[in-house]
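Here is what each chain is made of, one letter per residue.
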Amino acid sequence: MPLTLKEEVLQLVANLNDENALAMVKAEIEYFNNKEELDVLDELSADDRAELMELINEPDEKDTLNHDEYLKATARWRTN
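Residues numbered from 1 in each chain as written. Predicted model: local features only at pLDDT ≥ 70, side-chain atom pairs only at ≥ 80, totals over all residues. Heavy atoms only, no water.

1. Concerning the overall build of the chain
Then, number 1: From N to C terminus, the chain includes 4 helices and 0 strands.
Then, number 2: Its helices and strands taken in sequence order, the chain reads α-α-α-α from the N to the C terminus.
Then, number 3: The globule rule puts the C-alpha radius of gyration for 80 residues at 12 Å, and the 23 Å found for the chain is more than 25% above it.
Then, number 4: The principal-axis extents of the C-alpha atoms in the chain amount to approximately 65 × 40 × 25 Å.
Then, number 5: Burial statistics for the chain: of 80 residues in total, 1% are counted as buried.
Then, number 6: When the accessible surface of the chain is totalled, it reaches about 8,000 Å², and 55% of it is carbon and sulfur. (Helix = DSSP H or I, 4+ residues; strand = E, 2+ residues; numbered from the N terminus. Rg over C-alpha atoms; globule rule 2.2 N^0.38 Å. Buried < 20%, exposed > 50% of the residue type's maximum accessible area, 1.4 Å probe, protein only. Areas by Shrake-Rupley, 256 points an atom, 1.4 Å probe, with all protein chains shown as cover.)

2. Remarks on the confidence of the model for the chain
Then, number 1: Per-residue confidence for the chain gives a mean pLDDT of 89, with 94% of residues at or over 70.
Then, number 2: Per-element confidence in the chain ranges from a low mean pLDDT of 90 for helix α2 (residues 19–33) to a high of 95 for helix α1 (residues 5–14). (pLDDT = per-residue confidence, 0-100.)

3. What to know about the packing of aromatic side chains
Then, number 1: Within the structure shown, the criterion is met by 1 aromatic pair.
Then, number 2: On the basis of an interplanar angle of 80° and a centroid distance of 5.2 Å, the ring pair of Tyr-31 and Phe-32 is categorised as edge-to-face. (Phe/Tyr/Trp six-rings, centres within 6.5 Å; stacked < 30°, edge-to-face > 60°.)

4. Some points on a nonpolar patch on the surface
Then, number 1: On the surface, a cluster of nonpolar side chains totalling about 310 Å² of accessible area is made up of Leu-44, Leu-52, Met-53 and Ile-56.
Then, number 2: Considering the arrangement of structural elements, one finds Leu-52 in helix α3 (residues 46–57).
Then, number 3: Here Leu-52 falls in the partly exposed class, since its relative accessible area comes to 30%. (Patch = residues over 30% accessible without salt bridge, like charges linked within 9 Å, V, L, I, M, F, W, Y side chains within 5 Å. Salt bridge = Lys/Arg side-chain N within 4 Å of Asp/Glu carboxyl O.)

5. Examining the pattern of salt bridges
Then, number 1: Within the structure shown, the criterion is met by 3 salt bridges.
Then, number 2: Among the ionic pairs, Lys-62 bridges to Asp-63, the shortest N-O distance being 3.6 Å.
Then, number 3: Note on Lys-62: relative accessible area 48%, which makes it partly exposed.
Then, number 4: With relative accessibility at 63%, the residue Asp-63 sits in the exposed group.
Then, number 5: One salt-bridge network, held together by shared partners, links Glu-58, Lys-62 and Asp-63.

6. What about the environment of Val-40?
Then, number 1: Tracing the backbone through its elements, the reader meets Val-40 in the loop between α2 and α3.
Then, number 2: Taking relative accessible area as the criterion, Val-40 reaches 64% and is therefore assigned exposed.
Then, number 3: Along the chain, Val-40 and Arg-76 lie 36 residues apart, while their C-alpha atoms are 42 Å from each other.

Now the structure itself:
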C-alpha cells in the first residue's frame, strides 16, 4: 500500500540527521500550525519595523549601477 504524503514526510524527517535542517523543518511546521497567530513583524522593535518598511518601499533601482558606472567601479580588478 502506498504511503500517504504525511507518512512520507515523517519518514524523511525520521531519517534526517542534520540539526540545522531539522531546525528549519521545525520552524516551517510551527509557522504553518500557528499561521493565524504568528506574524514575524510582531517580534520586531518599532525602529526595526520602520527600517524594514523603508527598505520594502525603496525603488528597485535605488542602488543599481549602469554599465559604465560598473566598469569604472571595477576597473582596478580587470587587467585587460
